[in-house]
Amino acid sequence: VKGANAVYFNGSTALRRPVRADLDAQGIAFLDQGLEPVRWRLEDLRCVDSPAGTLRLAAAGAPDLARLEIGEAQLIEAILQRVPALGRRRRADEGALGRIVFWSLAAVASLVLTAAYLVPLVADRLAPLIPVPLERRLGEAVGQQVRTLFGARTCVEEPGRVVLGRLTERLAAAADLPMPVRVEVLTSGVPNALTLPGGNVYVFRALLDKAHTPDEFAGVLAHELGHVAGRDALRKLLQTAGTSFLLGLLFGDVTGGGAIIFVAQSLVDSRYSRQAESAADAFAARLMLLSGRSTKPLAAFLARLDANSSERFAFINSHPVTVERMRALEAADRPAAGPPLLDDADWRALKAICDRTE
Ligand SMILES: [Zn+2]
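The following paragraphs examine the structure supplied in this document. What you are looking at is a predicted structure, and each value in this text was computed from that prediction instead of being measured.

1. Notes on unusual backbone geometry
- For R231, which is not glycine, the phi dihedral falls at a positive 50°.
- Topologically, R231 is positioned in the loop between α6 (214-229) and α7 (232-251).

2. Focus: a nonpolar patch on the surface
- Together, L118, L121, V122, L126 and L129 line one region of the surface with nonpolar side chains, adding up to about 460 Å² of accessible area.
- Relative to the helices and strands, L118 is located in helix α2 (residues 84-126).

3. Regarding the nonpolar core
- L164, L167, V203, L207, F217, L221 and L350 are the most contacted members of the largest nonpolar core, which totals 45 residues.
- Looking at this core, the element that brings in the most residues is α6, giving seven residues.
- Not counting the four nearest positions on each side in its chain, L350 is found in contact with G160, V163, L164, L208, F217 and L342.
- The next biggest cluster of nonpolar side chains, apart from the first, holds 26 residues, and it includes Y8, C47, A66 and A78.

4. As for the packing of helix α9 (residues 274-290) against helix α12 (residues 323-332)
- Between α9 and α12, whose axes approach to 10 Å, the crossing angle comes to 20°. If you check the angle between α9 and α12, you find them roughly parallel. For the element pair α9 and α12, the recorded crossing hand is right-handed. Residues R274, E277, D281, A285 and L289 of α9 pack against E324, R325, L329 and A332 of α12.

5. A closer look at the coordination of the zinc ion
- Distances from the zinc ion to its protein donors, H223 (NE2), H227 (NE2), E277 (OE) and E277 (OE), fall within 2.0 to 2.6 Å.
- Geometry at the zinc ion is irregular, judged from the four donor atoms that bind it and their angles of 52 to 136° at the metal.
- All donor residues of the zinc ion come from one chain, and their arrangement in sequence is H-x3-H-x49-E. Of the two residues, H223 and H227 both sit in helix α6, four residues apart, roughly one turn of that helix.
- Among the residues examined, H223 registers a relative accessible area of 1% and is labelled buried.

Cut-offs used in this document
- Sequence positions are assigned chain by chain, starting from 1 and proceeding in written order.
- For a predicted model such as this one, the threshold for reporting local features is a pLDDT of at least 70, and the threshold for listing and counting side-chain atom pairs is 80 or more; totals across whole chains, interfaces and linings nevertheless cover every residue.
- As a convention, hydrogens and water are excluded, and side-chain values are obtained from all of the structure's heavy atoms.
- Helix and strand definitions follow DSSP, with helices as H or I runs of at least four residues and strands as E runs of at least two, each counted in order from the N terminus.
- Any residue with relative accessible area above 30% and no salt bridge may belong to a patch, with like charges joined within 9 Å and the nonpolar Val, Leu, Ile, Met, Phe, Trp and Tyr side chains within 5 Å.
- Note on areas: Shrake-Rupley, 1.4 Å probe, and residue coverage restricted to the protein chains presented here.
- The salt bridge criterion pairs a side-chain nitrogen of Lys or Arg with a carboxyl oxygen of Asp or Glu, the two atoms within 4 Å.
- Here, nonpolar core means buried Ala, Val, Leu, Ile, Met, Phe, Trp, Tyr and Cys residues that are tied together by side-chain atoms lying within 4.5 Å of each other.
- The buried label goes to any residue with under 20% of its type's maximum accessible area, the exposed label to any with over 50%, and the partly exposed label to all in between, with areas taken from a 1.4 Å probe on protein chains only.
- Residue contacts follow a heavy-atom distance rule, with two residues in contact if any of their heavy atoms lie within 4.5 Å.
- To get an axis, a line is fitted to the C-alpha atoms, and for a helix only the part in contact is used. The angle between two axes follows their N-to-C directions and goes from 0 to 180 degrees.
- In these notes the angle categories are as follows: under 35 degrees is roughly parallel, over 145 is roughly antiparallel, 65 to 115 is roughly perpendicular, and the rest is oblique.
- Each helix crossing is assigned a hand: it is left-handed if the near helix lies turned anticlockwise from the far helix by less than a right angle, otherwise right-handed if that turn is clockwise.
- Note that water is not among the atoms considered, so a metal site may appear incomplete; the donors listed are N, O and S atoms within 2.8 Å of the metal, with 3.2 Å applied to Na, K and Ca.
- Between 85 and 135 degrees for all angles marks four donors as tetrahedral; over 155 degrees for opposite donors together with 65 to 115 for all other angles marks four donors as square planar and six as octahedral; every other arrangement is irregular.

As structure tokens, then:
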């Protein structure tokens, strides 16, 4: 073979030097930079890690890092014919490359599996061990982000705020909660309610607007208190944080600076597990019954929201309604045995809580 195109690296600089190489019975010869003759004997040739489709040669006696890279199939074939040992070495390299690719993929797969299966498991085990003050601090940090996310303000019209405080206290008194709760109504047109780590519950104005009776509203509130009781928001936060940490390992620290935003976003976006939803419903049903009220209004409210809502951030999306949930609420129901939770004047005051915001 004469005048085949190849690329020469002389071993002292990283420059690529295009050369024309000749192969004969003794070896391979070419002119470095068209000037200096280089001749490698066949018996001195070694194959070094070659990308697919090329043959990369080194030679005993040549500078350590000197390489000749050959892409022309005709020349590669001719060299391998004369020095079959090179071909065996080359296949071994390809095998090694295959193994590297395999293990890299396996590493990625194991991280993905860890993110999908182990992180939730660890988050579940970890949540009860997190001290409540730490949970509250985490909640504060993401709370600010959640408000920013929804561009929301807090509704503070005084009579409504008093009523909301009283209703919250009454429900919480009947519940056995791991921490004090604070409920706020936020000015958002998204019909949702959200429990953050640390016992902060946000009810969005649109959800309050859609509630027809105090019992419907109280039912949703009681459901959110169920998430407080289960420390579900903390669990979700740990899960998200763990997953984003693993994804950070995989893709470089993509979430590093924005970690808190990412966590807040996914607290809003992602759903609780079915078990968490059922437990929160059961908790709500118990609270309503303990307060002398029926569970039917909550079920009716959920059904109405489910029928009318397609918004991404809506209550129904983060707390998906299932047939089992509705059945369980129906099954838990007893007729109301006590007085209404709020009288008409209280209810009107609560509905008007967003007349003043800050
Ligand atoms: Zn829920």
